Amino acid sequence: MTKDNIKHYLIMAGSTSHMLRGDKILKDEGVETSLVPAPAEYGTVCATAIKVKIEDRNRAEKILRQNNISIEGIYPDKTQKLAGLVTKLMDSVISEEFIKVLKKIENGEELGFEDIVLLLKTERRVEKEALYHAADRMRREIVGDVVDIRGAVEFSNYCRKDCKYCGIRRSLSDLARYRMTEDEIMEVVHQLHEIGIKTVILQSGEDLRWTPEKISSLIRRVKKETSMNITLSIGERPREEYELYRKLGANNFLLKIETTNRKLFKFIHPDDDFDHRVQCSKWLKQLGYLNGSGSIIGLPGQRVEDIARDILFFKDMGINMIGIGPFVPAKGTPFEGYPKGSIEMTLKAVAVTRIVCKRVFIPATTALASLDPDGQTKALKAGANTIMLINTPAKYRYNYQIYSDKNMVDLKSAFKAVKEAGRKMPPYLKIDKMTKET
Ligand code: SAH
């Protein structure tokens, strides 16, 4: 490893709150930072590291020390090479072009658009296996074997938008709408907290009755009563609101771009503007959120090249969490009759995303679990490293079918996927409570 390869340093703080505070202070001081999953070998205390440019390393350290942020260590962000990747495959029937791209991966070189398209387009079994294998190694070397488990509460299915694919879109008049109360949500949050889950995802349609005051009150309570990490997934809101929630302690935000093909974006989102959604995503990053995005695979009219551009978009935008799921037709929507997205293309996209974006969180999505009982296991073996449980109370769940026959991912199914993929459950989960529940 020559020093020339190193462009960034990773700063590990002594705790999650020091990491978040430190990142905010650095940003306020004008240091360019991003939050990334901690390297497998150092990620003992806090799962997230602060990434800074090589030239900012000393200044960042000084600022953090002046502000009493505890630093566990500062490490070079090494170019990830996968030694021996290609040699092992030389005997199999793999095309020369494919080998060339694998060599680039082995040497830690960046992949371009054409390389990505080539990987995504392969139909050959050995090549697909080689791709998944490369992604799996990249995942293991970068973020290790633990699968982060998070819990989601879908707290309202009211929505002001009419996205054509979505099973809770505004014009679905037959759908029984619900809005959970703060107490109902807190009950679930406490259940998650009790079994040791560290992150709660609060997701909903774009429901403006959940005003800034109400959302603030909810965030305050989650923080005060459990100190859990909060991921918001509530759609597009003004910058000031995002800022308010960040200040109150929400630290992750999931706002998927769904597709970077502008024409397709417009077609599927009658009341959304592509540039505005990108702007929202940029705000979230500026405000110091762990910024989540992702795309739907197999949208009507989507091409492989579009998926390749999605992946480059995630990389260029410095997205930290990338949720990639297959399109699942939802009853009563204009897309009800369209074919579902391909599991295989989804897995290839997950794998290429891991290889290209490297140090990111990639969930094995619920949409994959809905189309294939082994979908999450397969994704974990192709580069994914987190699972999101669905913890919406039974009486509401059925009405949050953003797509039909949505699989209910619970601890039991997550545990099964983790085990079958040969991976580890997080050490922070209280296992005996968990087995009681399952
Ligand atoms: N209203 C929020 C949350 C959306 S639901 C927002 O706008 O961000 C969360 C995700 O479900 C969406 O981002 C989308 O990627 C996915 N989704 C919705 N309908 C789907 C469908 N029919 N098939 C596959 N994924 C779907």
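Heads up: these notes are all about the structure in this document. (Residues numbered from 1 in each chain as written. Predicted model: local features only at pLDDT ≥ 70, side-chain atom pairs only at ≥ 80, totals over all residues. Heavy atoms only, no water.)

### Considering the packing of aromatic side chains
Then step 1. One pass over the structure, following the stated rule, counts 9 aromatic pairs.
Then step 2. Between Y178 and Y396 the ring centres are 4.7 Å apart and the planes differ by 15°, which places this aromatic pair in the stacked class. Of this pair, Y178 sits in the loop between strand 5 (148-156) and helix 6 (182-194) while Y396 sits in helix 15 (residues 394-397), and the two are 218 residues apart along the sequence.
Then step 3. Arranged with centres 6.2 Å apart and planes meeting at 80°, the rings of F327 and F335 form a pair that is edge-to-face. Just as F327 is buried, F335 falls in that class too.
Then step 4. One aromatic cluster is present, formed by F267, F327, F335 and Y338 through successive ring pairs.
Then step 5. Lying across the ring of Y9, R57 places its NZ or CZ 5.2 Å from the centre. (Phe/Tyr/Trp six-rings, centres within 6.5 Å; stacked < 30°, edge-to-face > 60°. Helix = DSSP H or I, 4+ residues; strand = E, 2+ residues; numbered from the N terminus. Buried < 20%, exposed > 50% of the residue type's maximum accessible area, 1.4 Å probe, protein only. Lys NZ or Arg CZ within 6 Å of the ring centre and 35° of its normal.)

### A word on the sheet that holds strand 5
Hydrogen bonds between backbone atoms are what pair the strands of a sheet, whose relative direction is either parallel or antiparallel.
Then step 1. Spatial ordering of the open sheet is given by 10-9-8-7-6-5-11, a layout of 7 strands whose pairing is parallel. This sheet does not close on itself; its edge strands, each paired only once, are strand 10 (321-326) and strand 11 (386-390). Taken pair by pair, the neighbouring strands of this sheet meet at an average axis angle of 25°, ignoring direction.
Then step 2. With 5 bridges joining them, strand 5 and strand 11 adopt parallel strand pairing. Paired with D148 across the two strands is T386, which belongs to strand 11.
Then step 3. Lying on the sheet, helix 16 (residues 411-420) is in contact with strand 5 and strand 11; it crosses strand 11 at an angle near 160°. (Pairing = 2+ DSSP bridges. Axes fitted to C-alpha atoms, helices over the stretch in contact; angles between N-to-C directions. Contact = heavy atoms within 4.5 Å.)

### So, the side chain of K161
Then step 1. Along the chain, the position of K161 falls in the loop between strand 5 and helix 6.
Then step 2. By relative accessible area, K161 is classed as buried at 7%.
Then step 3. A distance of 3.1 Å separates polar atoms of two side chains, one belonging to K161 and the other to E206.
Then step 4. Setting aside its immediate chain neighbours within four residues, K161 contacts R169, R170, E206, E236, D271 and D272. (Polar contact = N/O pair within 3.5 Å; in protein donor to acceptor, adjacent residues only side chain to side chain.)

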